[in-house]
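What follows is the residue order along each chain.
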Amino acid sequence: MENNKPLGLTPAMGWNSWNTFTWDINEQLIRDVADLFVSEGYKDAGYEYIVIDDCWSLKERDSAGNLVADPAKFPSGMRALADYIHEKGLKFGMYSCVGTHTCAGYPGSFEHEFQDARLFAEWGVDFLKYDYCFKPRHISGELLYKRMSLALKNCGRDILFSACNWGEDNVYQWIRESGAHMYRSTVDIQDHWDSIKKLALSQLDKECYTGSFCHNDLDMLVVGMYGGSNNNFIASQIGGCNDNEYKTHFALWSMMGSPLMIGCDIRKANQATKDILMNKDLIAINQDLEGRGAYRIKPEPQWFHAEDVFMLVKVLSDGDIAVGFFNLSDRQREISLLFWDIGLPYASGTSLSLYDCWEQKEIGVFKERFSPVVPAHDCLVVRAKLV
Ligand code: GAL
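The rules behind each value
Residues numbered from 1 in each chain as written. Predicted model: local features only at pLDDT ≥ 70, side-chain atom pairs only at ≥ 80, totals over all residues. Heavy atoms only, no water. Domains from an automatic or database assignment. Contact = heavy atoms within 4.5 Å. Buried area = accessible area lost by both parts, 1.4 Å probe. Salt bridge = Lys/Arg side-chain N within 4 Å of Asp/Glu carboxyl O. Core = buried A, V, L, I, M, F, W, Y, C linked by side-chain atoms within 4.5 Å. Buried < 20%, exposed > 50% of the residue type's maximum accessible area, 1.4 Å probe, protein only. Pairing = 2+ DSSP bridges. Helix = DSSP H or I, 4+ residues; strand = E, 2+ residues; numbered from the N terminus. Axes fitted to C-alpha atoms, helices over the stretch in contact; angles between N-to-C directions. Near = heavy atom within 4 Å. Areas by Shrake-Rupley, 256 points an atom, 1.4 Å probe, with all protein chains shown as cover. Nonpolar A, V, L, I, M, F, W, Y, C, P; charged D, E, K, R; others polar. Disulfide = S-S within 2.5 Å.

**Observations concerning the domain arrangement of the chain**
Parsing the chain into structural domains produces domain 1 (13-286) and domain 2 (295-386). On a C-alpha basis, the centroid separation for the pair domain 1 and domain 2 is 31 Å. Listed per partner, the contact involves 24 residues of domain 1 and 24 residues of domain 2. Taken together, the two surfaces of domain 1 and domain 2 that pack against each other cover about 2,100 Å², and 67% of this comes from carbon and sulfur. Broken down residue by residue, the surface that domain 1 buries against domain 2 is led by Leu204, Met255 and Ile285, which jointly contribute 28%. Remark: the boundary between domain 1 and domain 2 carries two salt bridges. Between Lys247 and Asp378 there is a salt bridge, and its shortest N-O distance comes to 3.5 Å.

Right, dumping it as C-alpha cells:
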C-alpha cells in the first residue's frame, strides 16, 4: 500500500542500520531488510523508511566535492539501491552531519549543504538523518539545521528531514520553525532497561513539543536486539532486555509520539519481537492523525509513588482515549486511574469501555475508576471508549 500522507504528518516508521550494524553495512543487508519489510508484514504494518546511518561513504569527497558511496560496501551505487527500495513501495533514507565530519569521521555536509541535498535528490533519497558532531564553534547549530532544511526543501524531491542534535541547545525552542520533521531529544539509546527508562522519563514533561510535522524522536528502538550489537556503546551494558521490557519500551515510544525506527537485525527477529513491532493497536495510537502529545497523570496516592510509576493519556482523533499504565519501578504496583482526572466526572453518567492493546481483547466497562496491577518494568495500554 502506497503511503500518500504529506511528508512528516505522523511519526516516521522504518528501520535504521546504526543500533545493530554501525560500520558493518552493505547493499545486500539493505536489500534483505527491504525484502523482509514486504514478506514479513512490516510494510503492511506501516514501516516504510529504510535508513543507512553513518559509515556509508568514502573518507574523502571526489574532485567535484561530491560525497562518494563506499564502492566496497555499495558496489551498485546508491541510485540502484534506492530504485530497489522504491520498487518495493518503500522509502530510502540516508545520513549526514551538520559538521565537517560525521560522528564516525566521514565527511560531513558543512559548507556543502546545497550540493549534498542535490546529490541525495539525484540518488532518490527520501529521508535524511542529520547529526551534530564536529560542528564548527563559530556558527550555531540552529542556523545549520535551518540551512539544510532549506536545501532539502528546494532540492526537487520530497525528503523528510530528521534532525539529530541529541536535545542540545534548547532544540525544543527552535526546531519546529527550522523545518525539520522530527528531532532527536535525547542522548543515544542503549540496549538496556536503564537507558530506556532514563530516556522516557527525560521527555515526560515535553508533551507540548511534539506533534504533526515535527515529532520528538526518543531515538531508534532496541526491541529485539537482546544484546546483539556490534556497537560497543549501545551494547556496553551487556545483556539487552527481556520481552516485557521491550514491550514497555515500544508502548512508551508509541504513546509519546516518537518515530518508530526499528534498530534490531530483522533477519533474525523472533515471533515475540515481531508481535511487539507490528502490534496494530499500538501503531494506531502512535500514528493517530491529530498527533497529540500524551499527558502524564501521577497515580494516587501521589506521596507513595516515585516518578517511575505513571499513566500517559493520549486523546485520539475519533474521541477515544489511549491510556498507558506504566510501571518502570522494580516492584509490582497498583496504578489507579480516576476518570475525573481525564475529564470524566461521575455526574456525566458516562462509563469507559476498555480494550487491552497488548492482549487485543475487551477488558470490560468501568465507572469512575480503573485500577490494574502492573508488574515491574511492565505496562498495560488500553484504548478507552466513552459509553
Ligand atoms: C550519533 C547519533 C546516532 C548515530 C551515530 C553515528 O551522534 O546519535 O544515532 O547516528 O551518531 O555515528
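**Side note on the nonpolar core**
In this structure, Trp15, Tyr47, Trp56, Met78, Phe250, Leu252 and Trp253 are the most contacted members of the largest nonpolar core, which totals 97 residues. A domain split of this core shows at least three residues from each of domain 1 (13-286) and domain 2 (295-386). Every residue in contact with Tyr47, bar those within four places of it in the chain, is listed here: Met13, Gly14, Phe37, Tyr42, Leu90, Phe250, Leu260, Ile262, Leu277, Met278 and Ile283. Core analysis: the second largest hydrophobic core is formed by 19 residues, Val309, Ile321, Phe339 and Val374 among them.

**Structural notes on the sheet that holds strand E4 (residues 127-131)**
Strand order in the open sheet formed by eight strands is E7-E6-E5-E4-E3-E2-E1-E8, and the pairing between neighbours is parallel. The open sheet terminates on both sides in strands that have one partner only, identified here as strand E7 (215-217) and strand E8 (260-262). The sheet shows a mean angle of 25° between the axes of neighbouring strands, direction not considered. Two strands pair when backbone bridges link them, and strand E1 (residues 13-16) and E8 are joined in this way by three bridges, in the parallel orientation.

**So, the pattern of salt bridges**
For side chains of opposite charge, pairing can occur when their charged atoms come near one another. Enumeration over the complete set of coordinates arrives at 23 salt bridges. The partner of Glu40 in a salt bridge is Lys274, with the nearest N and O atoms 2.7 Å apart. Linking Glu40 in the loop between helix H2 (27-39) and helix H3 (42-45) with Lys274 in helix H10 (residues 271-277), this pair joins segments that are 234 residues apart in sequence. Of the charged contacts in the structure, one is a salt bridge between Arg184 and Asp219, with a shortest N-O distance of 3.1 Å. Residue Arg184 is found in strand E6 (residues 182-184), and its partner Asp219 is found in the loop between E7 and helix H9 (243-255); the two are separated by 35 residues along the sequence. Asp219 carries the same exposure label as Arg184, and that label is buried. Several salt bridges converge on common partners, so that one network encompasses Asp318, Asp320, Arg383 and Lys385.

**A few points about helix H5 (residues 113-123)**
Within H5 the residues assigned to the buried category are Glu113, Asp116, Ala117, Leu119, Phe120, Ala121 and Trp123. Among the structural elements, helix H4 (77-87), strand E3 (91-97), E4 and helix H6 (141-153) are those in contact with the buried residues of H5.

**What to know about the site of the ligand**
The environment of the ligand is formed by 13 residues, the closest being Asp53, Asp54, Lys129, Asp131 and Asp188. Protein contacts shield 95% of the accessible area of the ligand, which totals 310 Å² for the unbound molecule. Classifying every residue of the shell around the ligand by side-chain character gives seven nonpolar, no polar and six charged.

**Some thoughts on the state of the cysteines**
As enumerated under the stated definition, the model contains one disulfide in all. Here Cys103 connects covalently by a disulfide to Cys133, the sulfurs 2.1 Å from one another. Note on the Cys103 and Cys133 pair: the S-S dihedral is about 95°, so by sign convention the disulfide is right-handed. Within this pair, whereas Cys103 is found in the loop between E3 and H5, its partner Cys133 is found in the loop between E4 and H6, the two being separated by 30 residues in sequence. Judged by relative accessible area, Cys133 falls into the buried class, the value being 17%. Considering cysteine sulfurs only, Cys241 is the nearest to Cys264, which forms no disulfide, with 12 Å between them. Free of any disulfide, Cys357 has its nearest cysteine sulfur in Cys379, 9.8 Å distant.

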